[in-house]
Amino acid sequence: ELGGAPDVEAEMRRTLGRTYIGMADPARALPHLQRALELYQASSDRFGLAFTQALLGEARVLMGDYETAEGYLRSALAYVRSLDGAPTDPDLHMMATNDLAIAINGRELGNPEGLALKREAIAVADRSPATAGPSALGRSNLSVDYVNLGRLDEALELLRDAERRM
């Protein structure tokens with residue numbers, strides 16, 4: 001039915017996939033996101049491709065498949081980095097950095113790259129007025145890593161900062 005409108009189908013499937021992720025059903029998100037990925041790969045929509053890769057990475061993180069997630073998320077983050085500082089969608093930037101950090105830390109707790117990516121996600125959230133919740137959540141997430149690493153003073157500071165932002 002949407003064979004003549006691949007851009008519409010790609011957007012629709014990406015939205016369905018994101019909705020299923022939001023409903024904590026990443027397995028149902030995967031076929032929609034895979035189809036969206038195919039459609040974006042056949043087009044010149046680099047943003048749509050990167051956002052879909054980030055969503056596929058997030059779905060895989062939720063499923064505990066950190067290795068597959070990392071590949072998708074590194075591709076999405078490569079797109080963000082290719083913009084060389086030009087403004088991009090803060091949701092995409094935060095998703096790519098934070099979820100990549102989760103994938104990395106899921107395999108190796110306290111990995112320096114993972115911690116740096118979480119700090120980057122917080123910085124992105126801090127720059128966008130629409131992301132106060134994610135800014136606080138990012139701080140809470142990083143504080144858990146710090147607790148697990150025995151860095152309790154830093155964890156407490158992050159939690160207090162998160163509380164001020166809520």
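(A) Inspection of unusual backbone geometry at higher detail. Positive phi, close to 60°, is recorded for alanine 24, a residue that is not glycine. We classify alanine 24 as exposed; its relative accessible area is 64%.

(B) Seen up close, helix α3 (residues 46–62). End to end, α3 covers 24 Å across 17 residues, agreeing with the expected 24 Å (1.5 Å per residue, within 8%). Within α3, burial applies to Gly48, Ala50, Phe51, Thr52, Gln53, Ala54, Leu55, Leu56, Gly57, Ala59 and Val61. For α3, the elements touching its buried residues are α1 (6–22), α2 (26–41), α4 (66–82) and α5 (90–107). Where α3 begins, the side chain of aspartate 45 points an oxygen toward the backbone nitrogen of phenylalanine 47, at a separation of 3.3 Å.

(C) The layout of surface pockets, seen in detail. Its boundaries defined by the atoms lining it, the largest pocket holds a volume of some 400 Å³. Lining the largest pocket we find 20 residues, and of these Glu58, Met94, Met95, Asn98 and Asp99 sit closest to its centre. Counting residues per element, the ones that place at least two in the lining of the largest pocket are α1, α3, α5, α6 (112–127) and α7 (132–148). At six residues, α5 tops the list of elements feeding residues into the lining of the largest pocket. The residue inventory of the lining of the largest pocket, partitioned by class, reads 12 nonpolar, four polar and four charged. Around the second largest pocket sit 13 residues that line it, and Ala86, Pro87, Thr88, His93 and Arg127 are the ones nearest its centre. Every element with two or more residues in the lining of the second largest pocket is listed here: α4, α5 and α6. Looking at the lining of the second largest pocket residue by residue, the classes come out as six nonpolar, four polar and three charged.

(D) Seen up close, the packing of α3 against α5. One way to put it is that α3 packs onto α5 with a least axis distance of 9 Å and a crossing angle of 35°. Regarding α3 and α5, the two cross each other, and that crossing is left-handed. Two secondary-structure elements touch here, α3 through Phe47, Ala50, Phe51, Ala54, Leu55, Glu58 and Val61 and α5 through Asp91, Leu92, Met95, Asp99, Ile102 and Ala103. Class assignment for the residues of the contact of α3 with α5 results in 10 nonpolar, no polar and three charged.

Calculation criteria
- The residue numbering used here restarts from 1 in each chain and proceeds along that chain's sequence as written.
- Reporting in this predicted model follows two pLDDT cut-offs: at least 70 for local features of residues, and 80 or more for side-chain atom pairs to be given and counted; totals over whole chains, interfaces and linings ignore these cut-offs and use all residues.
- Excluding hydrogens and water, the side-chain values take into account all heavy atoms of the structure.
- The buried label goes to any residue with under 20% of its type's maximum accessible area, the exposed label to any with over 50%, and the partly exposed label to all in between, with areas taken from a 1.4 Å probe on protein chains only.
- A run of H or I in DSSP becomes a helix once it reaches four residues, and a run of E becomes a strand once it reaches two; helices and strands are each numbered from the N terminus.
- Expected helix span is computed as 1.5 Å times (number of residues minus one).
- Throughout, a contact is declared for two residues whenever any of their heavy atoms are within 4.5 Å.
- Each polar contact in these results corresponds to two N or O atoms within 3.5 Å; when the atoms are within protein, one needs to be able to donate a hydrogen and the other to accept it, and residues that are neighboring in sequence are counted only if both atoms are side-chain atoms.
- Cavity: a set of points on a 1 Å grid over the protein atoms alone where a 1.4 Å probe fits but cannot get out. Pocket: an open set with protein on both sides within 12 Å along at least five of seven lines, its lining residues, like those of a cavity, having an atom within 4 Å of a point.
- Grid points are joined across faces, edges and corners, and a volume is the space filled by probe spheres set on the points.
- Ten residues, namely Ala, Val, Leu, Ile, Met, Phe, Trp, Tyr, Cys and Pro, are considered nonpolar, four, namely Asp, Glu, Lys and Arg, are considered charged, and the remaining ones, Gly among them, are considered polar.
- Between N-to-C directions, angles span 0 to 180 degrees; the directions come from axes that are lines fitted to C-alpha atoms, helices contributing only their stretch in contact.
- The handedness criterion is simple: a crossing whose near helix is rotated anticlockwise from the far helix by less than a right angle is left-handed, and one whose near helix is rotated clockwise is right-handed.

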